[in-house]
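Spelled out, the chains give:
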Amino acid sequence: MQNQLTLFNTLSRTKEKFEPVNPGLVGLYVCGPTVYSDVHLGNCRTFISFDLIYRYLLHLGFKVRYVRNITDAGHLEGDRDEGDDKFAKKAKLEQLEPMEIVQKYTLGFHDVMQAFNTLPPSIEPTATGHICEQIEMIKEIISKGYAYEINGTVYFDVEKYNKEFPYGQLTNRKLEDLLEGTRELSGQDEKRGRLDFALWIGAKPETLMRWPSPWGWGFPGWHIECSAMSSKYLGNTFDIHGGGMDLQATHHTNEIAQSQACNHKSPVKYWMHTNMLTVNGVRMSKTAGNGFLPGELFTGNHPLLEKGYSPMGVRFFMMQSHYRSTLDFSNEALQASEKGYARLMTAIKTLEKIKPSSNSGIFLNERIKACYDAMNDDFNSPVLIAELFEITREINSANDGKISFSESDIKGLKKLMHNFVFDVLGLKSESSNTSKDKALQGVMEIILEIRKEIKTKKDFASSDKLRDDLKKINITIKDTKDGATWSIEE
RNA sequence: GGUCCUGUGGCCGAGUGGCUAGGCUCAGCUCUGCAAAAGCUGCUACAGCGGUUCGAAUCCGCUCGGGACCUCCA
């Protein structure tokens, strides 16, 4: 199965067969969040998409080292390479130490990732924890002749680099075109080329976060951290590097340049980019102010939201579109997903109680193959989900006695559903298992027993009232042939 | 302006040159004391105009619309 996987490589702009640098092992690096404010949902989509990718690689039996960094220093506000970094700016605003900001939002980020049931990465390195590595890399780039220092700031020489390597390869752009889109150097600029970017930035007197370096006190440029940390933990050439599409043109382009300049090797075999989340057709972004925070989404506490949506419902919603497509957020779409998700989860429970028959009424192997085919085709989760709904219909039909499952059908279906719904898609049943829940379970069993007695006496007015009253507190009773069932609505 | 992506039925969202994903919604039916659930049936779409082809939503061209990146953002 491992050798069937294909994925879309941004470098070649085609789907390629996935062949890891070292057989059986996968190095995966994803650009993580800059922790100077709450993560918003757009960020989450990227991390949830890569969680799917990570999970599927694991499911296929690869040994994966998944590295996702935390950017906690050096990420400048503008393109002018001057002024404070984001943390210091926010710190002044909130009258906190920069590392307090980092801590606060790192914890918040982890909470949200956990709510979405994403697996933690193998390594989550921070930029501030790798200042030495970044300095070493910058020294190497200078010694190879691709960077220069001016007044304590080190710049990468893009035009020089471009003479030997294709700088714009990741976005298929020529240097001349890139130059056209850039503003003229102003008198204040000290860098030589318009496209040059900072590797190290000299500290100003007011700069809070600063480290000593061969070029004086300062802090690292944004792009260098990923290059330094990915090569440290995954080697100079590793398998998959991912991130949002918005990082492609600048951040990832510069990452390639830095690593190539340093090692004269392409750092990454497969570049993968996830698409943007939109709201009413416009990209959700921090600056556009049209994003909501995960917390607001869960509670429904936002003007754009009609109600709260559960983390798993949202995750399912995201899984119903392909990671390279834009996904538009709307209440209508979210509610449709929520219902579909509930139907899928119900089918998994239904499967538990289906009695085996002596003959088989399904083509299990074809179903299994279809699921793998979907995921092997560039992690096509929407097609996988479509297949899971076909299976859902079969499960319901079997439950209605319209088709039959053999014992091995049931066993196989359970395994299939478990593998793909829980392990690969990363969904989970949202019911918890606290003592209160167990008590409620017991209470409901008693109530249903009483109601059964009432119904035996044909006192439908009373049994209906009981059902209606429970409905008011979001407990739904369903009468089936095999007795009544209950569930809590979201 | 440059580099690209995209336009699918009421909504969301896959997709292959020919065999009309899937979810939600809506209507009808079956089941049911009723309701719900479930099942079945129906709603057969690919922005517009040309072209290539025996055949295109799928390839090419043009037009119109939407969006991204080129400046911080996943």
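Treat the numbers as computed from the prediction; the structure is a model and nothing was measured.

Colleague: Can you help me understand the packing of helix α1 (residues 41-59) against helix α12 (residues 364-376) in this one?
Modeller: Between α1 and α12, the shortest axis-to-axis distance is 11 Å and the interhelical angle comes to 130 degrees. As judged from the angle between their axes, α1 and α12 are oblique. Relative to α12, α1 is oriented so that their crossing is left-handed. Two secondary-structure elements touch here, α1 through Leu 52, Tyr 56 and His 59 and α12 through Tyr 372, Met 375 and Asn 376. Class assignment of the residues belonging to the contact of α1 with α12 gives a composition of four nonpolar, two polar and no charged.

Colleague: I would appreciate a short explanation of the domain arrangement of chain A in the present structure.
Modeller: One frequent convention defines the size of an interface as the accessible area lost when the parts assemble. By the assigned domains, chain A splits into domain 1 (2-274), domain 2 (279-424) and domain 3 (435-488). The centre of domain 1, based on its C-alpha atoms, is set 56 Å off from the matching centre of domain 3.

Colleague: Please clarify how the pattern of salt bridges should be interpreted in this entry.
Modeller: For side chains bearing opposite charge, pairing can occur when the charged atoms are close. Applying the stated criterion across every chain, the model contains 22 salt bridges. In this structure, Asp 51 and Arg 55 form a salt bridge, with 2.8 Å as the shortest nitrogen-oxygen distance. Residue Asp 51 and its partner Arg 55 are both found in helix α1; the two are separated by four residues, about one turn of the helix. With respect to class, Asp 51 is no different from Arg 55; both count as buried. As a salt-bridge pair, Arg 467 and Asp 464 come within 3.6 Å of each other at their nearest N and O atoms. You can see Arg 467 and its partner Asp 464 sitting in helix α16 (residues 460-472), three residues apart, about one turn around the helix. In this structure Arg 467 comes out as partly exposed when scored by relative accessible area, which is 29%. According to the relative accessible area criterion, Asp 464 is partly exposed, its value standing at 30%. Each of Arg 451, Lys 455, Asp 464, Arg 467 and Asp 479 takes part in a single network of salt bridges with overlapping partners.

Colleague: Could you clarify how one ought to interpret the state of the cysteines in this entry?
Modeller: Each disulfide consists of one covalent bond between the sulfur atoms belonging to two cysteines. Using the criterion set out here, one finds zero disulfides in the structure. You can see Cys 262 has no disulfide; the closest cysteine sulfur is in Cys 226, sitting 15 Å from it.

Colleague: I would appreciate a short explanation of the protein's contact with RNA strand B in the present structure.
Modeller: In the vicinity of RNA strand B lie 64 residues, with Lys 86, Trp 222, Gly 244, Leu 247 and Arg 283 positioned nearest. The share of sugar and phosphate among atoms of RNA strand B within 4 Å of the protein is 68%. The contact in question runs from a sugar or linking oxygen of RNA strand B to an N or O atom on the backbone of Thr 171, over 3.3 Å. Contact distances for RNA strand B include 3.2 Å between a sugar or linking oxygen and a side-chain N or O atom of Lys 402. Elements that contribute at least two residues to the surface near RNA strand B include exactly α1, β9 (238-244), α8 (248-263), β13 (327-329), α11 (331-352), α13 (381-399), α16 and β14 (475-480). Sorting elements by how many residues they give to the surface near RNA strand B places α13 first, with eight residues. Within the surface near RNA strand B, the residues separate by chemical class into 16 nonpolar, 27 polar and 21 charged.

Colleague: Would you take a moment to explain α1 for this structure?
Modeller: Residues lying three or four places apart along an α-helix face the same way, a consequence of the helix completing one turn every 3.6 residues. Given a rise of 1.5 Å per residue, 19 residues ought to cover 27 Å, and the 26 Å separating the end C-alpha atoms of α1 matches this to within 8%. The element α1 is largely enclosed, with a buried count of 16 among its 19 residues. Just downstream of α1, Gly 61 is the residue with a positive phi angle, here 95 degrees.

Colleague: In this structure, what is going on with the sheet that holds strand β12 (residues 282-283)? I would like to understand it.
Modeller: Think of a sheet as strands paired side by side through backbone hydrogen bonds, with each pair either parallel or antiparallel. Taken together, three strands build an open sheet; the order of strands is β12-β11-β13 and the sheet is mixed. Bordering the open sheet on either side are β12 and β13, each of which pairs with just one other strand. Where strand β11 (residues 277-279) lies against β13, three bridges are found, and the strand directions are parallel. Paired with Val 279 across the bridge in β13 is Phe 329.

Colleague: Before we go on, may I ask you to explain the packing of aromatic side chains in this structure?
Modeller: Centre-to-centre distance and the angle between the planes together describe a pair of aromatic rings. This model, assessed by the stated rule, comprises 20 aromatic pairs. Geometrically, the ring pair formed by Phe 316 and Phe 389 is edge-to-face, given 6.3 Å between the ring centres and 80 degrees between the ring planes. One end of the pair, Phe 316, is in helix α10 (residues 311-319); the other, Phe 389, is in helix α13, and 73 residues separate them in sequence. Here Phe 316 and Phe 389 have matching classes, each one buried. Ring plane angle 90 degrees and centroid distance 5.2 Å describe the contact between Phe 317 and Phe 329, whose orientation is recorded as edge-to-face.

Definitions and cut-offs
Numbers given to residues run from 1 along each chain, matching the order in which its sequence is written. Each chain takes a letter, starting from A, and each ligand takes a number, starting from 1, following the order in which they are written. Given that the model is predicted, a residue must reach a pLDDT of at least 70 before its local features are reported, and side-chain atom pairs must reach 80 or more before they are shown or counted; all residues, however, enter totals for whole chains, interfaces and linings. Side-chain metrics rest on all non-hydrogen atoms present in the structure, leaving aside hydrogens and water. For helices, the fitted axis covers only the stretch in contact; all axes are lines through C-alpha atoms, and the angles between them, taken along N-to-C directions, range from 0 to 180 degrees. Each helix is a run of DSSP H or I of at least 4 residues and each strand a run of E of at least 2, with the numbering of both proceeding from the N terminus. Roughly parallel refers to an angle under 35 degrees, roughly antiparallel to one over 145, roughly perpendicular to one between 65 and 115, and oblique to any angle outside these ranges. Helix crossings fall into two classes, left-handed where the near helix is turned counterclockwise from the far one by less than a right angle and right-handed where it is turned clockwise. Whether two residues touch is decided by their heavy atoms; if any such pair falls within 4.5 Å, the residues are in contact. Side-chain classes follow a simple rule in which Ala, Val, Leu, Ile, Met, Phe, Trp, Tyr, Cys and Pro form the nonpolar group, Asp, Glu, Lys and Arg form the charged group, and the remainder, Gly included, forms the polar group. Domain segmentation is taken from an automatic or database assignment of domains. Salt bridge, as used here: a side-chain nitrogen of Lys or Arg that lies within 4 Å of a carboxyl oxygen of Asp or Glu. The classification of residues rests on relative accessible area computed with a 1.4 Å probe and restricted to protein chains. Under 20% of the type maximum is buried, over 50% is exposed, and intermediate values are partly exposed. Two cysteine sulfurs form a disulfide in these notes if their separation is within 2.5 Å. Any residue with a non-hydrogen atom lying within 4 Å of a molecule or strand is treated as near it. Polar contacts, as counted here, are pairs of nitrogen or oxygen atoms within 3.5 Å of one another; within protein the pair requires one atom able to donate a hydrogen and one able to accept it, and residues that are adjacent in sequence qualify only if both atoms are side-chain atoms. Here the expected length of a helix is defined as 1.5 Å per residue gap, with one fewer gap than residues. Pairing between strands requires that DSSP locate at least two bridges from one strand to the other. Classification of ring pairs uses Phe, Tyr and Trp, with its six-membered ring standing for Trp, and accepts pairs whose centres are within 6.5 Å; under 30 degrees between planes counts as stacked, over 60 as edge-to-face, and the remaining range as tilted.

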